[in-house]
Amino acid sequence: MAAAKVAVVGAGVIGLSTAQCIVEAWPSCSVTVLAEQFSPNTTSDVAAGMLIPHPCPGTPIHLQKQWFKETFTYLFAISSSAEASEAGIHLVSGWQVFKKTPKEEFPFWSDVVLGFRPMSKAELQKFPQHRFGQAFTTLKCDCPPYLLWLQKRLKAAGVQLYSRAVADLWELQSKYDVVVNCTGIGAQQLLGDEELCPVRGQVLKVHAPWLKNFIRDGDGSTYIYPGIHRVTLGGTREKENWSLSPDPGTTKAIFDRCCSLEPSLQGAQDMEVRVGLRPSRQSVRLQREVLSQGGVKLLVVHNYGHGAGGFSIHRGTAKEAARLVGECIAALKGSSLRAKL
Amino acid sequence: MRVAVIGAGVIGLSTALCIQEQYQGLLPALQLEVYADHYTPHTTSDGAAGLWQPYVNDHSNLQQLLWNKETFDYLLGHLGSPQAKEMGLFLISGYNLFTHPVPDPSWKNIVLGFRNLTPKELDLFPGYSYGWFNTALMLEGRSYLPWLTNRLTERGVKFFHKKVESFQEMFAQGVDVLINCTGVRAGELQPDPQLQPGRGQIIKVLAPWVKHFIITHSTESGIYNSPYIIPGSELTVLGGINQHGNWNEENSAQDHRTIWESCCRLLPTLQEAKIVEEWSGLRPSRPRVRLERESIHQEHLQAEVIHNYGHGGFGITIHWGCAMAAARLFGSILQEKKLASPPQPHL
């Protein structure tokens, strides 16, 4: 059987990292990435790219932890290499502060990030409205750099990337053996997955280069994440809101909330407002599916629905998706052998 | 009463401000002047990265520890103010690295969140087996000195661009009190064999992905003779040179190589950083800061000098505590001259 032809649909962090894992695991495959949007126009480009897991109620904790750990370990190695700045990966330390002491003092990921510990009284003095906090060091994946770096590695490995809208997965059946669906929020229209819903996030990206530490309110509503060139201020979590247009009232509200956590932001300059739709689902859809139409089969691997936690678990889910692609290829080889008999 | 501050680095300007703030109200006749041959951005303070951190081995000098703490607390109090950005003041976290376990520093409870490094963190720094993490402050000279200058100008302090050749020349002009903040060249005004230059060289690079300071230590090489990386608000400072007794302010190609190679080994991604500037300066090194009064008997006058120099590589770290101490010495001078006593009621 000729080398399997795999199409990855979607070029956000999930699509590109999944393509990368497939190339690493199955070097004899031919991999093509097809997407309507590439960086800087993906949902991933709006996100700050902080490695802090988000609650994912439908996924067992041990799996969330495994995916987070795989992702953290992978990025940690890059962060101390010469490629770190090109890949946009850097360490950042900071604080997660709570107005009400959380039930869980040590979340499941506290031993994966670096130096996790409760904040001291002296540290909390900087946040008079908050009574409890956690200090730790984690990683940040700046976009576009991270996506551009992934694209560059994919091209070097012989992967073709095409800008193209896919309205129906069956369009790909004639040319590809396996289709990997990393369409994020696009899966809603593509598949009619009703479990998938957008959670709109608006963020401000400002120039405030003196900010070296992240600050996050434990309720998830407000955060300040210093990136390489800009600081991401957020945010909102608006369920079922599909609007990609920035809302000025929201901009002011975000800015005010962030300034009350970090007064020096008043001096921030060059504000850029962006909106992304988190592809939210009870759990990530990470599974194989065999579609059938008129006697023809289409092997699909789904990898979408990462909600607010895409960056935190991307490498872990990409590896799992690559493993599932391997199962598909094995199934194809099996059926092609049977066909020969 | 004419008071002249000699020197316009962080020590001179902050001492001037401290005295101004505390005594102008009490003494309307106070006339404060600053004399210096170099102003920002050409002072030693302008070259410093601006990280608040005392030496790790400060020989249990309690007085200096208190001045360091006073400075940290003073700056911490200004963090939330609208002035912070203009002052060049911000929080920064980072790493101190050692090749073997060392005792905790005397300043561990002054900084925020001081702790030892975990094994995973040490994996980031091959060759180092022990270290600390803490959050401290940055106070960038290139912003702080102009800020101090503006505050002083607002309050009517006059500045003179002039090299003072002797204390005598100032007293002959009618200056009543001299504040000697001349840093490394204090010996030109009054010989001080304890004061020696600690020559430093730094490379400033564009590396905005670096968010932590990283300071390595080597007992063999001595303080600041081991690579360090300190991210500022715009550029990142690479350093690791401290040559005792070297007065040369020219950049050395060999020192450049030493800094560049050792810092790139410490943080490989620095290889991608663009070099923007290079600078050499002389730390005013002394076993202890000289902060004391000296009465100089001149003809029928008794002239007063307050010395405030010799802050080595920790001038920014200790400046406010010293400025306050110098201001107290000034207050005692006023008391003796009966200028600061409260008004007497008429009987």
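What you are looking at is a predicted structure, and each value in this text was computed from that prediction instead of being measured.

With that settled, the discussion passes to the sheet that holds strand S15 (residues 296-304) of chain A. Neighbouring strands of a sheet are bound in pairs by backbone hydrogen bonds; such pairs are parallel or else antiparallel. Residue and element names in this part refer to chain A. Taken together, the six strands give an open sheet; going across it, the order is S6-S2-S1-S7-S15-S14, and neighbouring strands pair in mixed fashion. Since the sheet does not close on itself, it has two edges, and those belong to strand S6 (160-163) and strand S14 (285-293), each with one partner. Geometrically, the sheet is characterised by an average inter-axis angle of 20° between neighbouring strands, direction not taken into account. Relative to S15, strand S7 (residues 178-181) runs parallel, the two being bridged by four bridges. Each residue of the ladder has a partner; that of Val179, found in S15, is Val300.

Per the stated rule, a full pass over the model turns up 27 aromatic pairs over all chains. Considering the side-chain rings of B:Phe114 and B:Trp132, the 5.5 Å spacing of their centres and the 55° angle between planes classify their relative orientation as tilted. Within this pair, whereas B:Phe114 is found in strand S4 (residues 112-116), its partner B:Trp132 is found in strand S5 (residues 130-139), the two being separated by 18 residues in sequence. Look at B:Trp132 and you get buried, because its relative accessible area is 1%. Counting every residue linked through ring pairs, the aromatic cluster contains A:Phe106, A:Trp109, A:Phe116, A:Phe136, A:Phe214, A:Tyr223 and A:Tyr225.

All names here are of chain B. It is at 10 Å that the axes of helix H1 (residues 10-23) and helix H6 (residues 141-154) come closest, and there the two elements cross at 30°. The angle between the axes of H1 and H6 places the two elements in the roughly parallel class. Helix-helix and strand crossings are classified by hand; for H1 and H6 the assignment is left-handed. Touching Val10, Leu13, Ser14, Ala16 and Leu17 of H1 are Tyr144, Leu145, Trp147, Leu148, Thr149, Arg151 and Leu152, all from H6.

Following the UniProt record, one finds the feature "domain: FAD dependent oxidoreductase" (unreviewed entry) at residues 5-324 of chain A. What you have in residues 5-324 of chain A is 28% helix and 31% strand, and the ends, taken at the C-alpha atoms, are 14 Å apart.

Quick look at the state of the cysteines now. Applying the stated criterion across every chain yields a total of zero disulfides over all chains. Not part of a disulfide, A:Cys328 finds its nearest cysteine sulfur in A:Cys29, a span of 10 Å.

It is worth spelling out the interface of chain B and chain A at this point. In this assembly, 27 residues from chain B lie in contact with 34 residues from chain A. Of the roughly 2700 Å² buried at the junction of chain B and chain A (both faces included), carbon and sulfur atoms supply 63%. Taken as a group, B:Lys85, B:Lys120 and B:Lys211 account for 24% of the area that chain B buries against chain A, more than any other trio of residues on that side. In this structure, the connection of chain B to chain A is made through zero salt bridges. Inspection of the chain B/chain A interface yields eight residue pairs in polar contact (both at pLDDT 80 or more). Elements with a minimum of two residues in the side of chain B that touches chain A: strand S3 (89-98), S4, helix H5 (119-122) and S5 of chain B. Classifying every residue of the side of chain B that touches chain A gives 11 nonpolar, 10 polar and six charged.

Residue and element names in this part refer to chain B. Within this structure's numbering, the places UniProt gives as "binding site: D-dopa" (unreviewed entry) are Gln53 and His217. For the residues just named, distributed over 165 residues, the greatest C-alpha separation is only 13.2 Å, placing them together at one site. Among the structural elements, Gln53 can be located in the loop between helix H2 (44-47) and helix H3 (62-78). Apart from the residues lying within four places of it in its own chain, the contact partners of Gln53 are Asn96, Trp107, Phe213, Ile215, His217, Tyr224 and Thr317. Within the local environment of Gln53, its side chain forms a polar contact with the side chain of Asn96, the two groups lying 2.9 Å apart. One can find His217 in the loop between strand S9 (212-216) and strand S10 (228-231).

What follows is about the UniProt feature "binding site: D-dopa" (unreviewed entry) in chain A. All names here are of chain A. The UniProt record marks Tyr223 and Arg278 with the feature "binding site: D-dopa" (unreviewed entry), using the residue numbering of this structure. Following the sequence through the fold, Tyr223 ends up in strand S10 (residues 223-226). The buried category is assigned to Tyr223, whose relative accessible area is 11%. If sequence neighbours within four positions are ignored, Tyr223 has contacts with Val203, Ile215, Arg216, Thr232, Leu233, Gly234, Gly235, Cys258 and Arg278. Turning to its location among the elements, Arg278 is positioned in strand S13 (residues 269-280). Taking the relative accessible area as the measure of exposure, Arg278 reaches 15% and is therefore buried. For Arg278, the contacting residues outside a window of four places in its chain are Ile185, Cys197, Pro198, Val199, Arg200, Gly201, Tyr223, Thr236, Arg237, Gly307 and Ala308.

Cut-offs applied
- For every chain, the first residue of the written sequence is number 1, and numbering continues from 1 along that sequence.
- A letter from A marks each chain and a number from 1 marks each ligand, given out in the order of writing.
- Where totals are concerned, whole chains, interfaces and linings use all residues; where local detail is concerned, this predicted model gives features only for residues with pLDDT of at least 70, and gives and counts side-chain atom pairs only at 80 or more.
- The side-chain values count all of the structure's non-hydrogen atoms but skip hydrogen atoms and water molecules.
- Between any two strands, at least two bridges found by DSSP are needed for them to pair.
- Helix and strand assignments come from DSSP, with helices taken as H or I runs of at least 4 residues and strands as E runs of at least 2, each series counted from the N terminus.
- Working convention: axes come from line fits to C-alpha atoms, limited for helices to the stretch in contact. Angles between N-to-C directions cover 0 to 180 degrees.
- Classification of ring pairs rests on two measures: the distance between centres of Phe, Tyr or Trp rings, Trp counted by its six-membered ring, which must be within 6.5 Å, and the angle between planes, read as stacked under 30 degrees, edge-to-face over 60 and tilted in between.
- Think of it in three bands: residues with accessible area under 20% of the maximum for their type are buried, residues over 50% are exposed, and the middle band is partly exposed, with areas taken using a 1.4 Å probe on protein chains only.
- Any angle between 65 and 115 degrees counts as roughly perpendicular, while under 35 counts as roughly parallel, over 145 as roughly antiparallel, and the rest as oblique.
- For a crossing to be left-handed, the near helix must be turned anticlockwise from the far one by less than a right angle; the clockwise case is right-handed.
- Throughout, a residue-residue contact means that at least one pair of heavy atoms, one from each residue, lies within 4.5 Å.
- UniProt positions are given in the numbering used here, feature names are shortened, and annotations may be inferred rather than shown by experiment.
- By disulfide we mean two sulfur atoms from cysteines, separated by a distance within 2.5 Å.
- Joining two parts hides part of their accessible area as seen by a 1.4 Å probe, and the buried area is that hidden amount summed over both.
- Definition used for salt bridges: Asp or Glu carboxyl oxygen within 4 Å of a side-chain nitrogen of Lys or Arg.
- As used in this structure description, the phrase polar contact means that two N or O atoms lie within 3.5 Å; if the pair is within protein, one of them must be able to donate a hydrogen and the other to accept it, and residues adjacent in sequence are counted only when both atoms belong to side chains.
- The residue classification treats Ala, Val, Leu, Ile, Met, Phe, Trp, Tyr, Cys and Pro as nonpolar and Asp, Glu, Lys and Arg as charged. All others, Gly included, are polar.

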